[in-house]
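Results of the structural survey
The chain contents come next:
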Amino acid sequence: LPLACLISSKVLCVHGGIGDGAWRLADILTITRPLQEDQFMDPTKYWINSILWSDPIEDDDAHHQETFGVHESPRGSKGTSFGWDVTKTFCARNGLSLIVRSHQSKQDSLGF
């Protein structure tokens, strides 16, 4: 399966998220397929785990509306939780309009 899909050069679809957002779309092209365990363990490719396991912070929850940046994931060390500001910066740096996260649906909502 692909790690990510770019639609019309403006929409990025990923399994989990973007983590700290410090990587670029071009980095995905550097991944040797099929993925091997050593790629997951390579500290210079930490962003692969981010694509698979990071989660956005739910900013429609009043408790999290003022939460910015990157935080430890409550699910463990492989991923992070990231704020809307990380998403906005990542999209601007990579010329994107939208990121679609396919890992989890949002209960009772479209979740945009």
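The notes below deal with the structure included here. (Residues numbered from 1 in each chain as written. Predicted model: local features only at pLDDT ≥ 70, side-chain atom pairs only at ≥ 80, totals over all residues. Heavy atoms only, no water.)

1. Looking at the overall build of the chain
Test applied: Under the DSSP-based scheme used, a helix requires at least four consecutive residues in state H or I and a strand at least two consecutive residues in state E, with every element numbered from the N terminus. Each residue is placed in one exposure class: buried if its accessible area under a 1.4 Å probe, protein chains only, is under 20% of its type's maximum, exposed if it is over 50%, and partly exposed if it falls in between. Only the protein chains shown count as cover for residues, with accessible areas throughout obtained via the Shrake-Rupley method and a probe of 1.4 Å.
Summing up its helical and strand segments, the chain has 4 helices and 6 strands in all. Start at the N end of the chain and walk to the C end: the helices and strands fall as β-β-α-α-α-β-β-β-α-β. Taken over 112 residues, the chain has a buried fraction of 33%. Summed over its atoms, the accessible surface of the chain is roughly 7300 Å², and 56% of this surface lies on carbon and sulfur atoms.

2. Let's talk about helix H4 (residues 84-94)
Applicable threshold: The arc under discussion is defined with respect to the helix axis, by the directions toward the C-beta atoms.
Listed in full, the buried residues belonging to H4 are Val86, Phe90, Cys91 and Asn94. Along H4, the residues classed as buried sweep out an arc of 130° about the axis, all on the same side. More than 90 degrees from the buried face of H4, the exposed residues found are Lys88 and Ala92. Phi turns positive one or two residues past the end of H4, at Gly95, with a value near 70°.

3. Things to note about the pattern of salt bridges
Heads up, the condition is: The salt bridge criterion pairs a side-chain nitrogen of Lys or Arg with a carboxyl oxygen of Asp or Glu, the two atoms within 4 Å.
Per the stated rule, a full pass over the model turns up 1 salt bridge. Notably, a salt bridge pairs Arg101 with Asp55, separated by 2.2 Å at the nearest N-O pair. Within this pair, whereas Arg101 is found in strand S6 (residues 98-101), its partner Asp55 is found in strand S3 (residues 55-56), the two being separated by 46 residues in sequence. Accessibility assignment for this pair places Arg101 and Asp55 in one class, buried.

4. Re the sheet that holds strand S1 (residues 4-7)
To keep things clear, this is the line we draw: Only when DSSP finds a minimum of two bridges between them are two strands counted as paired. Whenever a helix is involved, its axis is fitted only over the stretch in contact; in every case the axis is a line through C-alpha atoms, and angles between N-to-C directions fall within 0 to 180 degrees.
Sheet architecture is open: 3 strands sit in the order S1-S2-S6, paired in mixed fashion. Unpaired on one side and paired on the other, S1 and S6 mark the two borders of the sheet. Across this sheet, the average inter-strand angle for adjacent strands is 20°, counted without regard to direction. In this structure, S1 lies alongside strand S2 (residues 11-14), joined through 4 bridges in antiparallel fashion. Paired with Ile7 across the strands is Val11, a residue of S2.

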